[in-house]
Each structure stands twice: as structure tokens, then as C-alpha cells.
Amino acid sequence: MRIFKPFAPLLAAMLVLLPAQSRGDQKLELQLVTAGVYAIVGELGNRTTDNLGNNATFGLVVTGDGVVLIDSGGTHPGAREIDRLIKTVTAKPVVWVINTGGQDHRWLGNGYFKNQGAQIIASEAAVNDQKARTQDQLIMLGNLVGDKAVKATDPVYADKTFTDYFELELGGIVFELHHSGQAHTPGDSYVWLPQKQVMFSGDIVYVERMLGVGSQSNSKSWLEVFQTMAAHQPRHLVPGHGQATDLSQAKTDTYDYLVFLRKSVSDFMDGGGDISAIGSVDQTKFSHLQNFQEIAGRNAQQVFTEIEWE
Ligand SMILES: [Zn+2]
């Protein structure tokens, strides 16, 4: 029996890994928020061949006159996966697709849904951002998801745009589309359903995982946009990343982190810190958020550059 002893730790490790693997196999998960309203929850990590670029949360509203989809997925095959899930709850067609921003997973599935007859709407700022970054996004997706998925993806822009506000109605359900400034991306919008008390925040809210501040983001304006969104006091909140939740968790994982990050970086700069030593800014208070290792340092670096210009 002694010969098996060294394998015991290995066996224990395998048992620990199994649940994580079976979770990964699900890829997209449908979550009921309230009557007729769902979150379609994708993985919290990066884009992969398996998740087809759907590493985000999308929204689904079923009305008497058809479906409204909030964000179309990261690639054409990714959009097909979203559609497969929609068909498990309704046979009604997707009438409208709303793009809440310019990041790849918000809009690169547009072509798929347009082919099915849907109309697409986004803020003007989001479409400008999409146009500016289409090639970069397709190259990045080619590296992470693969050339096959990217070749099938036709980058289609919204049929209809709005500047800062647009009201949509389908089957008696009112959708308020608000673009109130730059957040994670320049054209981020949130979608408010007053009758359902549901907020679809797009990339204005990340829960469970660490948000990303990139060169297309503005952390200062992001805080203001969050407050404008939060003023609606939603009962249910479908974030851009993570499971459907409430305002309290959105505040803890997004707003409080952004405030903490800006304060920490600004204190570091006040102390004469140089950007080359930005890694010494301690963010372990938020290390429970997924992707912390990959993203925390980059966020601090980006906010440093931002504050230098404020
Ligand atoms: Zn995102």
C-alpha cells in the first residue's frame, strides 16, 4: 500500500478541481431576475476558445411583442450561444438589441441578430468607440478565441443611435436608455426598466471580479456615471460582469473599489512615487475579487496616468 501514499495529495487536488471544471463547462448561465427578465451570465475570466468571447453578463427581457436583448456577445458563434439560451425561455423573436458600450462583448454579436431581423440601438459615443477599435478588438479576439470565430464575425454597427437619452417601448414595457458619460468605455449606457425596477448597467458595474480601467476608460467620470445610475434605486441590478445582484454589492465591488484605487494612487503620487514603482500600491483589500492578480497593477498604472492629466 505504501506505493500509493505519494498519490494521496494528488487525489485530494483532483477532488478540489472537479467542481471548478464542471462550472466552467456551463459557460453561459441563465438567471431569472424577475418575471420575464433574465441575466445571461458568462465567465468572469478572459475570452477563451470555449466561451467564444462571451466573458460578460447580458440581459434578456421577454415582452408580449417579442424580446429585447441587452448586448449581443463577443463573436458571431458567441451570439448563437446566447440565442440558444433565449430559445429555452421563449419562441418570440429578438426585436431589439441594445449595445450598452463599445467593448467587444457588448456588440460583436450584432451581425448574428441583425440577420434574424433585430434592430440595433446604441449611444452615438458607443458606436464611435466601436468604429475606432473594431480592428484591435478583432485581432485580440483572434488571439484569444481563435481565427475561426473571428472570420464568422461581421462587425455590424447600430441602426439607430442616441446622444444621451432614448425611450423604447415593446409589449407595454418601457426601456429607458441613458448615456451619462464615459465610464469603462466612452459610450457606456445603462438601461432602466421603471415598471420592473430592473437596471441593466453594462460595464458601469462589475461584481465578483475586479473591474478593468483601460486607456478607453475614465475612472473619475465612471464614479459620476455610477452615481447617476444608482440614483434610480433599482431593486434588481444586472451588471456587466457577474451574477444579477443589488445596488449594495454593485457599490462594494465597483464604486468603493474605484474610490479606493483613486485615493491610493493619488496618495502614492503625493508621496513622490514614480510610475515605475506603482506595483507597491497595496490593493489587497480587494484581492477577493477574481482576476485581481492580472488586473490590479494595470489599473493602478492607468489611474496614475489619468490623474497626471487631471
Ligand atoms: Zn466588459
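Look up: the structure comes first, before these words.
Owing to the predicted nature of the structure, the values given are computational and were not obtained by experimental measurement.

1. Description of the coordination of the zinc ion
1) Next: Those donors, Gln-103 (OE1), His-105 (NE2), Asp-203 (OD), Asp-203 (OD) and His-241 (NE2), are the protein atoms that reach the zinc ion, and they lie 2.1 to 2.7 Å from it.
2) Next: Judged by relative accessible area, Asp-203 falls into the buried class, the value being 1%.

2. A closer look at the pairing of strand E10 (residues 190–193)
1) Next: Of the two faces of E10, the one holding Tyr-190 and Trp-192 and the one holding Val-191 and Leu-193 are both buried throughout.
2) Next: When strand E9 (residues 173–178) meets E10, the two strands line up antiparallel, connected through three bridges. Along E10, the bridge assignment pairs Leu-177 with Val-191.
3) Next: Between E10 and strand E11 (residues 198–206), which pair antiparallel in sequence order, lie four residues; one of them, Gln-197, sits at a positive phi of approximately 55°.

3. So, the packing of helix H8 (residues 247–270) against helix H9 (residues 292–308)
1) Next: Relative orientation of the contacting elements H8 and H9 amounts to 65°, with a least axis distance of 9 Å. Of the possible angle classes, the one that applies to H8 and H9 is roughly perpendicular. Between H8 and H9 lies a crossing whose hand is right-handed. The residues of H9 that touch H8, namely those facing Tyr-257, Leu-261, Arg-262, Val-265, Ser-266, Phe-268 and Met-269, are Ala-296, Asn-299, Ala-300, Val-303, Phe-304, Glu-306, Ile-307 and Glu-308.
2) Next: Counted by class, the contact of H8 with H9 contains 10 nonpolar, two polar and three charged residues.

4. Brief notes about the environment of Trp-192
1) Next: Position of Trp-192 relative to the elements: it lies in strand E10.
2) Next: Along the chain, Trp-192 and Phe-175 lie 17 residues apart, while their C-alpha atoms are 5.8 Å from each other.

5. Points about the layout of surface pockets
1) Next: Counted as a void, the largest pocket has a volume near 660 Å³.
2) Next: Surrounding the largest pocket, 28 residues form its lining, Asn-46, Arg-47, Gln-103, Ile-295 and Arg-298 being those nearest its centre.
3) Next: Split by residue class, the lining of the largest pocket holds six nonpolar, 15 polar and seven charged.

The rules we used
- Residues numbered from 1 in each chain as written.
- Predicted model: local features only at pLDDT ≥ 70, side-chain atom pairs only at ≥ 80, totals over all residues.
- Heavy atoms only, no water.
- Donors = N, O, S within 2.8 Å, 3.2 Å for Na, K, Ca; no water.
- Buried < 20%, exposed > 50% of the residue type's maximum accessible area, 1.4 Å probe, protein only.
- Helix = DSSP H or I, 4+ residues; strand = E, 2+ residues; numbered from the N terminus.
- Pairing = 2+ DSSP bridges.
- Axes fitted to C-alpha atoms, helices over the stretch in contact; angles between N-to-C directions.
- Parallel < 35°, antiparallel > 145°, perpendicular 65-115°, else oblique.
- Left-handed = near helix turned anticlockwise from the far one by under 90°.
- Contact = heavy atoms within 4.5 Å.
- Nonpolar A, V, L, I, M, F, W, Y, C, P; charged D, E, K, R; others polar.
- 1 Å grid on protein atoms, 1.4 Å probe; cavity = no way out; pocket = protein on both sides within 12 Å on 5 of 7 lines; lining within 4 Å.
- Points joined across faces, edges and corners; volume = space filled by probe spheres on them.

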